[in-house]
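# Breakdown of the fold
What follows is the residue order along each chain.
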Amino acid sequence: MNQALDIFRSSGYYFSRNPVFLNSSRNSPAFLLHKQNFPLEHLAAPLFEKYRRLVCSKRAVNSKPFIPTESNSLRVEAEACDGADFSAVPHVQTLREFPKEELSEKVVMVRFDSRLLFQQLQERKIQCENAVSTIKYLHEAGAKVILVSSWDADAENTMKIVRAESIAGALSSVLQVKVVPVKLVTRHMHSAKQESNILLLENLFQFKEEPANCKGFARLLSSGVDIFVNDAFSQSHRVLASTVAISRFCYASIAGFHFEAVLSQLKNITKTSQKPYVAIIGGGNLVEKAAALRLLVCICDGLVFVGNIAFQIMHALGLPLPMKLVEHGATEEALTLINSMKSRRRAVIVPKDFLCLNNLNPEKLEIFSADCLVDGWQPVDLGPESLEEIASLVSKCKKILWIGPVRFGLSRSDAGEASRLGAVVDRLRSQNNLETILVGKVACTTVLGSNLNYSVIENASAVWEFLKGRSLPGLMALDRSYPFDIKWDGVYDDPTRPLVVDVGSGNGLFLFGMAKKRKDLNFLGLEINGKLVNRCLERVLQTGMKNGYIIRTNAASTFRSIISSYPGELVLVSIQVFLQSDIEGVAIRMKSEFVKYGKGKIMVMDEPEDASCYQRQWLNENPFGVRSDWEQHVLDRGANMYRLLLSKPAIIAGSTCRG
């Protein structure tokens, strides 16, 4: 039953890591400076050593080297961010980590970002290279690549090519490999194994099932596909059939090179090792972004508000403004935000003056003070005093985040409005070696100069959702990767012995019972319940066991990354928690679900040929000879246990046998 867990998928579990922030201790003219830096580089080893000593102090036993587990790692107690629920990005399986040899002859579907590949803007060159590299890497590894995406002509007509044939031609030119357009029908998908070219499916934009995350559509989309690679981070905040539901029907769902690169930049937003750290915040809809802004108050030393959102802060501060510039319901949230910044001693900057356009004479421009805006004049850009104050602030920083457009009032021309601020940021970045993160289309396109030294995330919507503490569906649908390197020689006295993995180990009754009986094997338990794992780890330390261990993790998503590093042979995977029940109806339902979603790779062993022999489908005894804790409890009370043993067929010389 090697790799029997390939059929499992999980999109809801990951562990949290709350950031720790320090309050500022002194003032400066422009903003509050930290006297010391506090890098969030929490190494696992000290935590584990602390835990080991704690256990040993309670129980005088000989200890063995301790390895990282998700139960005691990367969980940091921190001050609350005004109720904002922020969780760290989960560790996901990436194409870079995936065994290259497993790609050969596999059908791999790549969800690519069409805008990223077709917008020919020089400042996006690196991101384009990452996206192209994903497809080239898969093709060169011997995979049968199928591309899928959604494209349409947007309001700015930046993508005028909409026919799949034209898109395939453009991709062929970029990839230097022939790309063939095909229709979304099952027979074309199955023919992919015989296709030497890269296939491009028709435009997903025309299918209403795509934004509905339709399960049936995802099944059709993934027909014949072995591995799914998501390389469209810009869609990660949306629930789509081609990014979420599809992961249920592929035995591996991993992140491409571009997705991985942007994910790393996303994590960098919350890192506070570079200080002072200031955020330049544009756009509008303050109420909708309130949770994200509270987080930024936590992690940044100062906030600069530009665009429509600045008017809401100015109004809450009591500055006179035309009411047409004030968003309905934003005042209360703005006051809450101001109080939070004040209590945390954070700096806040709002524009002091504006360049305004006369509504009756668009050619007429004048500078107005922020407290003297009058009807008939529309703010279109920051004034000189505002730019000077922002420049003074940024010049003292080590890191800045610019997120959102510098749009004022009813103006629509973002590029023109942001150009002067962009020039300031670009100049200071070059002079001061300033770490700069640009988020959103406007911030990315209006900062002057080459952005090869910038961190760029074009889609601001995904970042705002992340900062609000919400999960990104496209990210959560990917397989998890265990976040640590396991030192197997510190776990087992002989890590080359054959390995038996028990998924859902519970209290460890089965795991340790088998380890005691079979000294010729190593046993590894994977359990999601942290309390049970801690009890089992104490038992390992007490007994000095050398062939048994347990890790807290969600095996449904981290199994591959954990087991792939084991130096010995995997001989058996026990999944008893899912294969037996004291309720017959539950056991029947489990059987049907496993067989249904096993895609032909999982079958019931010793199933009777005559289906009418209903009672013969259950095993009379536990085939391992050691009962689980719940199994023993059920039998002690005189109830029945309904057992099933599943097996994964092994392909040998073109034939199938039970393994």
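Residues numbered from 1 in each chain as written. Predicted model: local features only at pLDDT ≥ 70, side-chain atom pairs only at ≥ 80, totals over all residues. Heavy atoms only, no water.

In the nomenclature of an unreviewed UniProt entry, the protein chain is known as Phosphoglycerate kinase of Coffea arabica. Its UniProt record, at the heading Subunit (unreviewed entry), says of the protein chain: "Monomer." (UniProt positions renumbered as here; feature names shortened; annotations may be inferred.)

## Describing the overall build of the protein chain
Broken down by element type, the protein chain carries 22 helices and 27 strands. In the protein chain, which comprises 659 residues, the share counted as buried stands at 56%. Contacts in the protein chain between residues at least 24 apart in sequence constitute 76% of all its contacts with a sequence separation of at least 6. For the protein chain, the accessible area works out to roughly 29100 Å², and carbon and sulfur atoms hold 51% of it. (Helix = DSSP H or I, 4+ residues; strand = E, 2+ residues; numbered from the N terminus. Buried < 20%, exposed > 50% of the residue type's maximum accessible area, 1.4 Å probe, protein only. Contact = heavy atoms within 4.5 Å. Areas by Shrake-Rupley, 256 points an atom, 1.4 Å probe, with all protein chains shown as cover.)

## Structural notes on the packing of helix α8 (residues 290–299) against helix α10 (residues 330–343)
The N-to-C vectors of α8 and α10 enclose an angle of 10°; their axes lie 10 Å apart at closest approach. With respect to α10, the axis of α8 lies roughly parallel. Of the residues in α10, those touching α8 at Ala290, Leu293, Arg294 and Val297 are Glu333, Leu337, Ser340 and Met341. When the residues that make up the contact of α8 with α10 are grouped by side-chain class, the tally is five nonpolar, one polar and two charged. (Axes fitted to C-alpha atoms, helices over the stretch in contact; angles between N-to-C directions. Parallel < 35°, antiparallel > 145°, perpendicular 65-115°, else oblique. Nonpolar A, V, L, I, M, F, W, Y, C, P; charged D, E, K, R; others polar.)

## Some thoughts on a positive patch on the surface
On the surface, Lys215, Arg219, Arg248 and Lys596 cluster together to form a positively charged patch. With respect to the helices and strands, the residue arginine 248 is situated in the loop between β7 (227–231) and β8 (252–255). (Patch = residues over 30% accessible without salt bridge, like charges linked within 9 Å, V, L, I, M, F, W, Y side chains within 5 Å. Salt bridge = Lys/Arg side-chain N within 4 Å of Asp/Glu carboxyl O. Lys, Arg positive; Asp, Glu negative; His and termini not counted. Charge placed at Lys NZ, Arg CZ, Asp CG, Glu CD.)

## With respect to the packing of aromatic side chains
On inspection of all chains with the given rule, the structure shows nine aromatic pairs. Ring centres of tyrosine 137 and phenylalanine 257 lie 5.2 Å apart, and the angle between their planes is 70°; on these two criteria the pair is classed as edge-to-face. Linking tyrosine 137 in helix α3 (residues 125–140) with phenylalanine 257 in helix α7 (residues 257–269), this pair joins segments that are 120 residues apart in sequence. For the pair tyrosine 137 and phenylalanine 257, a shared accessibility class is recorded, and that class is buried. We note lysine 399 situated over the ring of tyrosine 277; from NZ or CZ to the ring centre the distance is 4.5 Å. (Phe/Tyr/Trp six-rings, centres within 6.5 Å; stacked < 30°, edge-to-face > 60°. Lys NZ or Arg CZ within 6 Å of the ring centre and 35° of its normal.)

## Comments concerning helix α18 (residues 530–543)
Note that an α-helix has 3.6 residues per turn; residues three or four places apart therefore point the same way. Helix length check: α18 (14 residues) gives 20 Å between terminal C-alpha atoms against 20 Å at 1.5 Å per residue, within 8%. Within α18, the full set of buried residues consists of Gly530, Leu532, Val533, Cys536, Leu537, Val540 and Leu541. Taking the backbone nitrogen of lysine 531 as reference, a side-chain oxygen 3.0 Å away marks asparagine 529 as the first, capping residue of α18. Following α18 by one or two positions, glycine 544 adopts a phi angle in the positive range, close to 65°. (Expected span 1.5 Å × (residues − 1). Polar contact = N/O pair within 3.5 Å; in protein donor to acceptor, adjacent residues only side chain to side chain.)

## Overview of the pairing of β8
Burial along β8 is two-sided: Ala252 and Ile254 and Ser253 and Ala255, pointing in opposite directions, are all buried. Across four bridges, the pairing between β7 and β8 is parallel. Looking at β8, one finds that valine 229 is bridged to isoleucine 254. (Pairing = 2+ DSSP bridges.)

## A few points about the pattern of salt bridges
What the rule picks out here adds up to 15 salt bridges. The shortest N-O distance in the salt bridge between arginine 470 and glutamate 465 comes to 3.2 Å. Overall, the relative accessible area of 47% leaves arginine 470 in the partly exposed class. Glutamate 465 gets classed as buried once you look at its relative accessible area, which sits at 18%. The shortest N-O distance in the salt bridge between arginine 518 and aspartate 520 comes to 2.8 Å. Taken together, the shared-partner salt bridges in this structure form one network comprising Glu288, Glu465, Lys468 and Arg470.

## So, the confidence of the model for the protein chain
Overall, the prediction assigns the protein chain a mean pLDDT of 75, with 71% of residues at 70 or greater. Every residue in residues 607–615 is under pLDDT 50, and counting partners more than four places away or in other chains gives six contacts. When the criterion is pLDDT under 50, residues 648–659 qualifies, and its contacts beyond four places in sequence or with other chains add up to 25 contacts. (pLDDT = per-residue confidence, 0-100.)

## Digging into the sheet that holds strand β5 (residues 179–182)
Read from one edge to the other, the open sheet built from six strands follows the order β5-β6-β4-β3-β7-β8, with strand pairing classed as parallel. The sheet is open, and its two borders are formed by β5 and β8, each paired with just one other strand. Along the sheet, successive strands turn relative to each other by an average axial angle of 25°, direction set aside. One ladder, built from five bridges, connects strand β3 (residues 107–112) with β7; its direction is parallel. Residue valine 108 lies in a different strand from β7, and its bridge partner there is isoleucine 227. Relative to β5, helix α4 (residues 164–175) is tilted by about 160°, and along the sheet it contacts β3, β4 (144–148), β5 and β6 (198–201).

## Remarks on the sheet that holds strand β17 (residues 455–457)
A sheet is described by the order of its strands in space; here six strands give the open sequence β11-β10-β9-β15-β16-β17, paired in parallel fashion. Both edges of this open sheet fall to β11 (347–349) and β17, since each of them pairs with a single strand only. Put simply, the sheet's adjacent strands are angled 15° from each other on average, direction ignored. Of the pairings in the sheet, the one linking strand β16 (residues 435–439) to β17 comprises three bridges and is parallel in character. The partner of valine 439 across the bridge, within β17, is isoleucine 457.

## Some details on the pairing of strand β9 (residues 277–281)
In terms of residue burial, β9 counts as a mostly covered element, since five of its five residues are buried. Neither face of β9 is exposed, since Tyr277, Ala279 and Ile281 on one face and Val278 and Ile280 on the opposite face are all buried. Pairing of β9 with strand β15 (residues 399–403), which is carried by five bridges, proceeds in the parallel orientation. Paired with tyrosine 277 across the two strands is lysine 399, which belongs to β15. Here β9 pairs with strand β10 (residues 302–305) via four bridges, running parallel. Opposite alanine 279, over in β10, you have leucine 303 as the bridge partner.

## Topic: α4
Spanning 12 residues, α4 covers 16 Å between terminal C-alpha atoms, matching the ideal 16 Å at 1.5 Å per step. Within the sequence span of α4, burial applies to Ala164, Ile167, Ala168, Leu171, Ser172 and Leu175. Down the axis of α4, the smallest arc covering the buried residues is 140°, so these residues share one side. Once α4 finishes, glutamine 176 follows within two positions and takes phi at roughly 60°, a positive value. (Arc of directions from axis to C-beta.)

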